[in-house]
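# Descriptive analysis of the structure
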2 protein chains.
Amino acid sequence: MPMIRLDTKNIASERLGKEHGIDTAREFSAWAKKLDGFVADLRKRKTDPKAMLGWIDLPENNGELAAIETYAAQLDEKFTDLIVLGIGGSSLGALTVVTALQHPYRNLQAQGQGLRVHFVDNVDPDVIKGLSEVLNPQTTLVNVISKSGTTAETMSAYLAFKQWLQDAVGEAYKKQIIATTDPEAGILRPLARREGYTTFEVPPSVGGRFSVLSAVGLLPIALAGIDLRELLRGAAAANAMIEKPIAENPIKQSALIQYLAYRRGKAISVLMPYSTRLRYLSNWYVQLWAESLGKAVNRDGSLVNEGSTPLAALGATDQHSQVQLFNEGPNNKIVTFVRVANFDNETLIPDAEPGVAQLSYLAKQSFNRLINAEQSATAHAIAAHGRPNYTIELKRLDAYNLGFLLQFFEWQTALMGELTYIDTYNQPGVELGKKYTYALMGREGYEDLRKELEEAGI
Amino acid sequence: MPMIRLDTKNIASERLGKEHGIDTAREFSAWAKKLDGFVADLRKRKTDPKAMLGWIDLPENNGELAAIETYAAQLDEKFTDLIVLGIGGSSLGALTVVTALQHPYRNLQAQGQGLRVHFVDNVDPDVIKGLSEVLNPQTTLVNVISKSGTTAETMSAYLAFKQWLQDAVGEAYKKQIIATTDPEAGILRPLARREGYTTFEVPPSVGGRFSVLSAVGLLPIALAGIDLRELLRGAAAANAMIEKPIAENPIKQSALIQYLAYRRGKAISVLMPYSTRLRYLSNWYVQLWAESLGKAVNRDGSLVNEGSTPLAALGATDQHSQVQLFNEGPNNKIVTFVRVANFDNETLIPDAEPGVAQLSYLAKQSFNRLINAEQSATAHAIAAHGRPNYTIELKRLDAYNLGFLLQFFEWQTALMGELTYIDTYNQPGVELGKKYTYALMGREGYEDLRKELEEAGI
């Protein structure tokens, strides 16, 4: 099992009092059966592809794993760079893992582990052009990721980078584009077939924000030189853990803490890893949490406008940015810390100013000790200000533990969706904006909407 | 005057109804005198150095400007890289400006405008070590920024990078370290004097989060090859604008809108620029807003726990992450969009798939049109869901307009502080965490606190 430690003393009512604290022993026991029931129900419902619960099985039964490994292994050594064209769930998972597990400055190394990876997750005209200026199309692969092939941002970037390759390498562009898309539906699959691109599947039963362990995430992660099997083995450990009773189950505990805090007015759920390498974990979590749980109606169709608001923070950096507000502002947040017990490197703070007394407490210690002291200190101080927080400690930041953590948060989100009784897997609230975009871009079939926008002065 | 356009139709009660909308004409007129009074009072109080209002004068009377320009102009051409050691206000301003105004992939270019800049704003042992591995100490400058010289994160990084330089270049390290610190107080000033470093000043009357236009921000920005005079000229335009009556004053309007929304339960203030180059503007804004406005007591000492929670978002990217929650979750947010009318490049979407009908609405258009259509569509959709939002449009993203925008947000924050009647310029809520860190690191004088922590099991 992964060496994870969940420290909940800073959410306990013994520490925070009854208004803001939780009587963990009592609540864990009171909710135990309900949570067991949710897990059993999710396990049962996952056989229905429409339930969008395919993420549960990705760690153990990953249909694409061998194909991805083969593709990565046979790759021509001339390739140096990978551009990932994807937005939201089609980029955040790989971004999180690649940033956490490659060399922290991989893109400044001439040589290193895996390809340099560049995520095009926006349609900024200056940035699209800028990337095309600095990369060499002769040695660059492009992975276009869209389930439907109709995502406007991804497909416009696809058109641009296809042209960029074609202009430079001619017909060879077909060997440099990899498409990750639905096995049957949508427009990218037939397009890729016609062009002869290498393709991988977005499983129909897996939604974008739960897709990091499908080919959506795994292909870029593999090309970045990261061990997929370790990542999946860690995620499988979370799948094993979810079966345990709450007393031995940090995932159920974490989900329940989030729920109880939310119901007591903690409208904001902060994720604050103390690790620069984990900085995009918060962005991935923000999408997972916001899009899964922010829903207008519940499963009976009643208007509820549910949704805890996720907030990304980074320790120790944001001690100098957001912690003033966390400590003294409205008591409307619950903070989840993530810390790493053992960093890859023990990096010493040298005694480079032996004459300066005020710095002597730092000299000859390590950054390792400093960053974790800051995390303990901040957690303790936030609790001293009466605000709930808890800490997830990973033994180390490697593929195994990160895979575990990703599946941990997916389960936590799924359980929170059950607890708040909403549909965790849809996203009806983004449709209107998409339609307005189509109308403003002059897409056929949206003429009436365009008229409506013109009349509104847009 | 800068070509800024404030579009407030999506916060108007005509659009949103009375509960969530604002009767802008009536409110602007009702609050006009009060806001004029705040501005007059801030102008008056700035002569008192303890009022920490020195940021107001930085655009027009910048004591360091000439010295910074001279330093940048005479710099040995061998230097390729700059490491900025600073945290919070000592890094976020320059990070915002450098990211917005250098080539978007400057650090991947062999040659380009200005030095490559690397911000060390955390104490992650793997990242500190990683940076030291990829840079060449022979051609790297280090700018250490700390008002007091006692910031644990910055000074531990200083010890590490001083040693790194010294090991590689010997005594020449003294020519490669630049210290930005208080002119008199603190420990970094005498240290720098003894070592013979080039030094610049953190003005005593300017707090970290308001320091971007002091040497704290200006030195790295200058070394990145950005025109300081244009930046300051833009900020001066905001200083001119603040004197105008509210009807002609987007800054006062924006501050008042934030205040009225906050008082009506919009606990969260989202900043969502539609420009990848502006992605760190949101982080800078988060610190400015959170640390200035999140306060336990008001100016009479009464417990108020004030503070709107700032939330960073990025368009169009976060349409696929956070917008579902914005539209359907609790109506507890106000969204400020920033858009750029004219990007530096007109980047076309080529017709690279002429046979695919579903993509034809994109082909032969531009990313410029697409990103701004997405912004208009999202703003309109959020309002259609009954949630308040407004849009700041910059004519273009250059030093002049960005300088304007930074000073705009500083004034907005200052006015919000007056409206909520708190001390905008202190940060008492971070002291306890610092002390706990000292105790855990074994700093002399914190033995009692350490005992307390040990007894609490930390």
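Residues numbered from 1 in each chain as written. Chains lettered and ligands numbered in written order. Predicted model: local features only at pLDDT ≥ 70, side-chain atom pairs only at ≥ 80, totals over all residues.

### Considering the packing of helix H14 (residues 367-384) of chain A against helix H16 (residues 431-440) of chain B
Defined as follows: A fitted line through C-alpha atoms represents every axis, and for helices the fit uses only the stretch in contact; the resulting angles, taken between N-to-C directions, go from 0 to 180 degrees. For helices the rule is a DSSP run of H or I covering at least 4 residues; for strands it is a run of E covering at least 2, with both sets numbered from the N terminus onward. Orientation is classified from the angle alone, with under 35 degrees giving roughly parallel, over 145 giving roughly antiparallel, 65 to 115 giving roughly perpendicular, and any other angle giving oblique. Handedness of a helix crossing follows the sense of rotation of the near helix relative to the far helix, less than a right angle counterclockwise being left-handed and clockwise being right-handed. By the convention adopted here, residues are in contact when the distance between their C-beta atoms, placed from the backbone, does not exceed 7 Å. Under the convention adopted here, Pro, Cys and the residues Ala, Val, Leu, Ile, Met, Phe, Trp and Tyr are nonpolar, Asp, Glu, Lys and Arg are charged, and Gly plus all remaining residues are polar.
The interhelical angle for the contact between H14(A) and H16(B), taken along N-to-C directions, is 140°, at an axis separation of 8 Å. With respect to each other, H14(A) and H16(B) are oriented oblique. Considering the relative orientation of H14(A) and H16(B), their crossing is right-handed. Seen from H14(A), the contacting residues are A:Ala373, A:Glu374, A:Ser376, A:Ala377, A:Thr378, A:His380, A:Ala381 and A:Ala384; seen from H16(B), they are B:Leu432, B:Gly433, B:Tyr436, B:Thr437 and B:Leu440. Looking at side-chain class alone, the contact of H14(A) with H16(B) contains seven nonpolar, five polar and one charged residues.

### Section: the sheet that holds strand E3 (residues 116-120) of chain B
Residue and element names in this part refer to chain B. Definition in use: A pair of strands is considered paired only if DSSP assigns at least 2 bridges between the two.
Pairing within the open sheet is parallel, and its five strands lie in the order E3-E2-E4-E5-E6. The sheet is open, and its two borders are formed by E3 and strand E6 (198-201), each paired with just one other strand. Mean inter-strand twist for the sheet, computed between neighbouring axes without regard to direction, equals 20°. Note: strand E2 (residues 81-85) against strand E4 (residues 140-145), five bridges, orientation parallel. In the strand pairing of E4, Ile83 is matched with Val142. Strands E2, E3, E4, strand E5 (177-181) and E6 of the sheet are contacted by helix H9 (residues 215-223), whose axis makes an angle of about 150° with E5.

### Looking at the relation of the copies chain B and chain A
In this structure, two copies of a chain are linked by a rotation about an axis accompanied by a shift along it. We apply this condition: The fit set for superposing copies consists of C-alpha atoms from residues with pLDDT of at least 70 in both; the fit itself is least squares.
The two copies are related by a screw motion: chain B maps onto chain A through a turn of 180° and a shift of 0.0 Å along the axis, at an RMSD of 0.0 Å. Taken together, the rotation angle and the small translation identify this as a two-fold axis. Comparing interface residues between copies, 100% of those in chain B also sit at the interface in chain A, which points to an isologous, same-surface contact.

### Considerations on the pairing of strand E9 (residues 303-306) of chain B
All names here are of chain B. Of the pairings in the sheet, the one linking strand E8 (residues 295-297) to E9 comprises two bridges and is antiparallel in character. Bridge pairing in E9 places Val297 opposite Leu303. Taking the residues that link successive antiparallel strands as the turn, the E8-E9 hairpin has five residues, and the phi of Gly301 there is positive, at about 85°.

### A short note on the domain arrangement of chain A
Residues and elements named next belong to chain A. Our working definition: Throughout, the edges of the domains are those of an automatic or database domain assignment.
Assigned domains of chain A: these are domain 1 (4-44 + 232-425) and domain 2 (55-231). The gap between the C-alpha centroids of domain 1 and domain 2 is 29 Å. On the domain 2 side, the residues contacting the 29 residues of domain 1 number 27 residues. Going through the elements one at a time, helix H10 (228-241), helix H12 (279-293) and helix H15 (399-420) are the ones with two or more residues in the side of domain 1 that touches domain 2. In terms of residue count, the dominant contributor to the side of domain 1 that touches domain 2 is H12 (nine residues). Among the residues forming the side of domain 1 that touches domain 2, the class breakdown is 15 nonpolar, eight polar and six charged.

### Focus on the environment of A:Glu133
All names here are of chain A. Worth spelling out the cut-off: Buried residues are those with 20 or more other C-beta atoms within 10 Å of their own C-beta, exposed residues have 12 or fewer, and partly exposed residues lie in between; C-beta atoms are placed from the backbone.
When you line up the elements, Glu133 lands in helix H5 (residues 125-134). Using a count of 12 C-beta atoms within 10 Å as the deciding quantity, one classes Glu133 as exposed. Taking the C-alpha atoms as reference points, Glu133 and Arg189, 56 residues apart in sequence, are found 29 Å from one another.

### Describing the interface of chain B and chain A
Of the residues lining the interface, 108 residues belong to chain B; the matching set on chain A comes to 109 residues. Considering each element in turn, the side of chain B that touches chain A owes the most residues, 12 residues, to helix H14 (residues 367-384) of chain B. Residue classes in the side of chain B that touches chain A are distributed as 51 nonpolar, 40 polar and 17 charged.

### Details of the environment of A:Phe28
Residue and element names in this part refer to chain A. Among the secondary structure elements, Phe28 is positioned in helix H2 (residues 24-45). Phe28 gets classed as buried once you count the C-beta atoms within 10 Å, which come to 20. Distance in space between the C-alpha atoms of Phe28 and Ala215 is 36 Å, their sequence separation being 187 residues.

### Some details on the packing of H12(A) against H15(A)
All names here are of chain A. Contact pair H12 / H15: the axes reach a minimum separation of 10 Å and the direction vectors enclose 20°. On the basis of the axis angle, H12 is roughly parallel to H15. Where H12 crosses over H15, the two elements pack in a sense that is right-handed. Side by side, H12 and H15 meet where Tyr285, Leu288, Trp289, Ser292 and Leu293 of the first sit next to Phe409, Glu410, Thr413, Met416, Gly417 and Thr420 of the second. Residue classes in the contact of H12 with H15 are distributed as six nonpolar, four polar and one charged.

### Details of the sheet that holds strand E6 (residues 198-201) of chain A
Residues and elements named next belong to chain A. Pairing within the open sheet is parallel, and its five strands lie in the order E3-E2-E4-E5-E6. The sheet terminates laterally at strand E3 (116-120) and E6, the two strands that pair on one side only. Strand-to-strand twist in this sheet, taken as the mean axis angle between neighbours without regard to direction, amounts to 20°.

### Section: the pairing of strand E11 (residues 333-342) of chain A
All names here are of chain A. The cut-off we apply is this: If the strands point away from the viewer and the path from the first strand over the helix to the second runs clockwise, then the crossover is right-handed.
When you tally the buried positions in E11, you get eight out of 10 residues, the bulk of the element. The pairing of strand E7 (residues 268-273) with E11 spans six bridges and is classified as parallel. By the bridge assignment for E11, Val270 is matched with Val335. In terms of strand pairing, E11 meets strand E12 (residues 389-396) through seven bridges, oriented parallel. Considered in E12, the bridge of Arg339 is made with Glu393. Note on the crossover from E11 through H14 to E12: the handedness is right-handed.

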